[in-house]
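Okay, here's what each chain looks like letter by letter:
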Amino acid sequence: MGEIFLLTREIVKVIFHLNGGYTRVVWERSENTAWASKGWIFDIPTHVIPYDLRAIGSRFLLSIVKSNANDCEDIENIRNNRNSFFHIERLPFII
């Protein structure tokens, strides 16, 4: 049985779409702060994002995980398993 390692879990906002089927998101808490220039931007496969959350400005909870400690050491493994690295959760609706 393999363990799952959580690398990050943050609220992100869609900022634009890239050619090749990727969407660029930014950590919401880093936008407009000094962190924004430190690489807190991710390009994730568009197809892992639910259709209604793909619009520019959409917000959701993004978790980035890996299944074992060595996943990030092999670029082929990253390419082959990239869809399983990203988990998306809808934010609760609060009035």
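Here the structure is a predicted model, which means the values were calculated and not measured.

Enquirer: When you look at the pairing of strand E1 (residues 5-18) in this model, what are you seeing that I'm missing?
Expert: Every regular strand shows the same layout, with side chains that alternate between the two sheet faces. Note: E1 against strand E4 (residues 59-66), eight bridges, orientation antiparallel. Of the residues in E4, the one forming a bridge with Phe-5 is Lys-66. Strand direction decides the pairing type here: E1 and strand E2 (residues 22-27), joined by six bridges, are antiparallel. Note that in E2 the partner of His-17 across the bridge is Thr-23. Once E1 ends, the chain turns through three residues before running back antiparallel as E2, passing Gly-20 with a positive phi of about 90°.

Enquirer: Help me out: how do you make sense of the confidence of the model for the protein chain in this one?
Expert: Detailed reading of the predicted model is not advised wherever pLDDT is low. Looking at the protein chain, pLDDT values average 77 and 65% of them are 70 or higher. The secondary-structure element of the protein chain with the lowest mean pLDDT is helix H1 (residues 75-81), recorded at 62, while E2 shows the highest, at 91.

Cut-offs used in this document
- Residues numbered from 1 in each chain as written.
- Predicted model: local features only at pLDDT ≥ 70, side-chain atom pairs only at ≥ 80, totals over all residues.
- Heavy atoms only, no water.
- Pairing = 2+ DSSP bridges.
- Helix = DSSP H or I, 4+ residues; strand = E, 2+ residues; numbered from the N terminus.
- pLDDT = per-residue confidence, 0-100.

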